[in-house]
Amino acid sequence: QRILDTFFPLLKGGKAAVPGPFGAGKTVVQQQIARWSKASIVIYVGCGERGNEMADVLEEFPTLEDPRTGRSLMNRTVLVVNTSNMPVAAREASVILGLTIAEYYRDMGYRVALMADSLSRWAEALREIGSLLREMPGEEGYPTYLASRLASFYERARAAQCLGRGVSGSVTIIGAVSPPGGDFSEP
C-alpha cells in the first residue's frame, strides 16, 4: 500500500486505472485500496466478473477489519454484482448504476471510492450491444463512441461542494483494465 501511495498518489475525487492481464492481481490491489483508503463508503462494481471472484469479495470483505473504525469493512461497502453469465445489457448498466450510487452518497457529503472491475468487460458489453443494434463498428469491432463513453464515465469522478448543506463529498474512481490476452494494443 505504501508503494501505491508513494508512486501513484490519488487525490479525493481523482481517477485511476489498474492495468494488467487477467489473473495479474488487479482485484487484490483494488481490495487493498478499498480497505486502506480514506473513503467513507466503498462501491465495488463487479462488471462481468466470474462468479467466484465476486463471491470472494463477498466472503472476504466481512472478515477484513476496517482500520479506521475497527468494524467489518463490509459495513461501509456497497456491492453491485454482475457476473459474466448475465445479459450484456445488465453488464453495461452495472457500471453506470454503481457510479450513480456513488454520486448519491457524494451529494450527501461522503467520500466515496468506486472500484470498477473490469472496465474491459464493460467495453466488451458495449461492443456486443453495438453489434446487436447493428451499429457501425469501429476499430476491433468496438463501437465508435467507446472513447467518449469511457471519458464521460471517468469525468464524473470529482470532489464537490454540496449545495445548501455546506458539506463536501467526493467520488474517486479506480477501474481495472484487462485487455483480451493481455494485449495492450487493443483499443
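Position numbers for residues start from 1 in each chain and track the written sequence from start to end. The model is predicted, so local features are restricted to residues of pLDDT at least 70 and side-chain atom pairs to those at 80 or more, both for listing and for counting; the totals for chains, interfaces and linings are taken over all residues. Side-chain measures here rest on the full set of heavy atoms in the structure, leaving out hydrogens and waters.

Q: Summarise the packing of helix H5 (residues 119-132) against helix H6 (residues 146-155); cite the residues concerned and give the values.
A: The interhelical angle for the contact between H5 and H6, taken along N-to-C directions, is 135 degrees, at an axis separation of 11 Å. Looking at the two axes, H5 sits oblique to H6. Between H5 and H6 the crossing geometry is right-handed. The segment H5 lies against H6, with Leu119, Trp122, Ala123 and Leu126 engaging Leu146, Arg149, Leu150, Phe153 and Tyr154. Three residue categories are used. Nonpolar comprises Ala, Val, Leu, Ile, Met, Phe, Trp, Tyr, Cys and Pro, charged comprises Asp, Glu, Lys and Arg, and polar comprises the others, including Gly. Looking at the contact of H5 with H6, its residues break down into 8 nonpolar, no polar and 1 charged. Helix axes are fitted only over the stretch in contact, all axes being lines through C-alpha atoms; the angle between N-to-C directions runs from 0 to 180 degrees. Helix and strand assignments come from DSSP, with helices taken as H or I runs of at least 4 residues and strands as E runs of at least 2, each series counted from the N terminus. In what follows, roughly perpendicular refers to angles from 65 to 115 degrees, roughly parallel to angles under 35, roughly antiparallel to angles over 145, and oblique to any angle outside these ranges. By definition, turning the near helix anticlockwise from the far helix through less than a right angle yields a left-handed crossing, and turning it clockwise yields a right-handed one. Between two residues, a contact is recorded if the distance between any of their heavy atoms is within 4.5 Å.

Q: Explain H5 residue by residue, including any values.
A: The span you would expect from a helix comes to 1.5 Å times its residue count less one. Across its 14 residues, H5 extends 20 Å between first and last C-alpha, which sits within 8% of the 20 Å expected from 1.5 Å per residue. Relative accessibility thresholds used throughout: buried, under 20% of the residue-type maximum; exposed, over 50%; partly exposed, between the two (1.4 Å probe, protein chains only). Judged by how many residues are buried, H5 sits mostly within the fold: 10 of 14 residues are covered. Looking at the residues trailing H5, positive phi occurs at arginine 134, about 60 degrees.

Q: Explain the packing of helix H4 (residues 88-107) against H5 residue by residue, including any values.
A: Two elements in contact, H4 and H5, have axes whose closest approach is 8 Å; the angle formed by their N-to-C orientations is 135 degrees. In terms of orientation, H4 lies oblique with respect to H5. Along this stretch, H4 crosses H5, giving a crossing that reads as left-handed. Across the interface between the two elements, Val88, Ala89, Arg91, Glu92, Val95 and Ile96 of H4 pack against Leu119, Arg121, Trp122, Ala125, Leu126, Glu128, Ile129 and Leu132 of H5. When the residues that make up the contact of H4 with H5 are grouped by side-chain class, the tally is 10 nonpolar, no polar and 4 charged.

Q: How would you sum up the layout of surface pockets? Please name residues and give values.
A: Cavity and pocket criteria rest on a 1 Å grid covering protein atoms alone: a 1.4 Å probe that fits but cannot get out defines a cavity, protein on both sides within 12 Å along at least 5 of 7 lines defines an open pocket, and an atom within 4 Å of a point defines a lining residue. Grid points are joined across faces, edges and corners, and a volume is the space filled by probe spheres set on the points. Taken as a whole, the largest pocket encloses approximately 600 Å³ of empty space. Lining the largest pocket are 24 residues; nearest its centre among them are Gln1, Asp5, Phe8, Leu10 and Ile33. For the lining of the largest pocket, the elements supplying multiple residues, two or more each, are helix H1 (2-7), strand E1 (15-19), helix H2 (26-36), strand E4 (111-117) and strand E6 (168-177).

Q: So what's going on with the nonpolar core? Residues and values would help.
A: Counting 22 residues, the largest nonpolar core has Ile43, Phe153 and Ile173 as the members making the most contacts within it. Other than its neighbours up to four places away in sequence, isoleucine 173 contacts Gly14, Lys15, Ala16, Leu99, Leu114, Phe153, Tyr154 and Ala157. One finds Val42, Phe61, Ala113 and Met115 within the second-largest nonpolar core, a separate group that totals 14 residues. Among the buried residues, those of types Ala, Val, Leu, Ile, Met, Phe, Trp, Tyr and Cys that are joined through side-chain atoms within 4.5 Å form a nonpolar core.

Q: Before we move on, can you summarise the pairing of strand E5 (residues 158-161) with the specific residues and values?
A: Bridge count for E5 against E6 is 4 bridges, and the pairing is antiparallel. Looking at the pairing, arginine 158 lines up with valine 171 of E6. Strand pairing is assigned whenever DSSP identifies at least 2 bridges connecting the two strands. Adjacent in sequence and paired antiparallel, E5 and E6 are bridged by 6 residues, among which glycine 164 carries a positive phi angle near 80 degrees.

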